[in-house]
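Architecture at a glance
If you want the building blocks of each chain, they are given just below.
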Amino acid sequence: MPRLKLTFDPDPLLRKKNQDVVLPADAKIRQLIDQMKFACKKFKGIGLAAPQIGRNLNLAIINLEPYDLPPFSIINPRILKTSSQTENVEEGCLSIPNLFGLISRPAEIKVEFYNEDNKKIVMDLDGLAARVFQHEIDHLNQTLIKDKWDQNTVHKVDEAWKKANRARRKV
Ligand SMILES: [Zn+2]
């Protein structure tokens, strides 16, 4: 399995338009999904969007270990509805190493996406799941956390901080 390399800000691939995946997903896309799942776990991310490994496709992996879910792909995802109620939560990003900052986002969302079996899924999400979906869908719309976070809250983290804050995972 070829190894995937992460793209880091300011790589222009993170700001390039992403194309919808042609459905049903062919063998090449399925192989890419398997590689991305592997990479997401390896990089210890709770999410990984295709542009983060240099592929400009509307495709991301969600890896919600706290929910005891195996990593799964979201293909051509769209946010259908957002709550007016927001939450201010600290976020990091694999493409912007070692920086965290507070980001305000809708607390609840309704999303639509396709799974690997070409099935359309509609889900209502809150908490960490709503957060990680919004972060990944932002990537697919060329938006990074540094465009949104409260500059006054941005701080560097080191290994000790990471160990003490396991819940604050990169996406
Ligand atoms: Zn990210």
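For the structure itself, consult the block above.
Residues numbered from 1 in each chain as written. Predicted model: local features only at pLDDT ≥ 70, side-chain atom pairs only at ≥ 80, totals over all residues. Heavy atoms only, no water.

Opposite charge on two side chains makes pairing possible when the charged atoms of those side chains draw close. Scanning the entire structure with this criterion turns up 10 salt bridges. Ionic pairing is found between Lys146 and Asp9, a salt bridge with its closest N-O pair at 2.7 Å. Here Asp9 lies in the segment before helix 1 (27–42) and Lys146 lies in the loop between helix 2 (127–140) and strand 8 (155–156), a separation of 137 residues in the sequence. Accessibility expressed as a relative area gives 23% for Asp9, which makes it partly exposed. The partner of Arg78 in a salt bridge is Glu112, with the nearest N and O atoms 3.4 Å apart. Of this pair, Arg78 sits in strand 3 (residues 72–82) while Glu112 sits in strand 6 (residues 109–114); the two residues are 34 residues apart in sequence, bridging distant segments of the chain. Residue Glu112 is classed as buried on the basis of its relative accessible area of 10%. What emerges from the salt-bridge pattern is a single network uniting Glu91, Arg105, Arg131, Asp138 and Lys148. (Salt bridge = Lys/Arg side-chain N within 4 Å of Asp/Glu carboxyl O. Helix = DSSP H or I, 4+ residues; strand = E, 2+ residues; numbered from the N terminus. Buried < 20%, exposed > 50% of the residue type's maximum accessible area, 1.4 Å probe, protein only.)

A separate point is empty space enclosed by the protein. If you walk through the whole model with that rule in mind, you get one cavity of 30 Å³ or more. Lining the largest cavity are Glu87, Arg105, Pro106, Ala107, Gly127, Ala130, Arg131 and Gln134. With four residues, helix 2 is the largest single contributor of residues to the lining of the largest cavity. Residue composition of the lining of the largest cavity, grouped by class: three nonpolar, two polar and three charged. (1 Å grid on protein atoms, 1.4 Å probe; cavity = no way out; pocket = protein on both sides within 12 Å on 5 of 7 lines; lining within 4 Å. Points joined across faces, edges and corners; volume = space filled by probe spheres on them. Nonpolar A, V, L, I, M, F, W, Y, C, P; charged D, E, K, R; others polar.)

Attention now goes to the packing of aromatic side chains. Per the stated rule, a full pass over the model turns up three aromatic pairs. Seen from their ring centres, Phe72 and Phe133 are 6.3 Å apart, and the 40° between their planes marks the pair as tilted. Of the two residues, Phe72 is situated in strand 3 and Phe133 in helix 2; the sequence distance between them amounts to 61 residues. Taken together, the aromatic side chains of Phe72, Phe113 and Phe133 make up a single cluster linked through ring pairs. (Phe/Tyr/Trp six-rings, centres within 6.5 Å; stacked < 30°, edge-to-face > 60°.)

The next subject is the sheet that holds strand 7 (residues 120–125). Taken together, the five strands give an open sheet; going across it, the order is 1-2-3-6-7, and neighbouring strands pair in antiparallel fashion. Two strands bound the open sheet, and with one partner strand each, they are strand 1 (47–49) and strand 7. Put simply, the sheet's adjacent strands are angled 40° from each other on average, direction ignored. Pairing analysis gives six bridges linking strand 6 to strand 7, with the strands arranged antiparallel. Within strand 7, the residue paired with Phe113 across the bridge is Ile121. (Pairing = 2+ DSSP bridges. Axes fitted to C-alpha atoms, helices over the stretch in contact; angles between N-to-C directions.)

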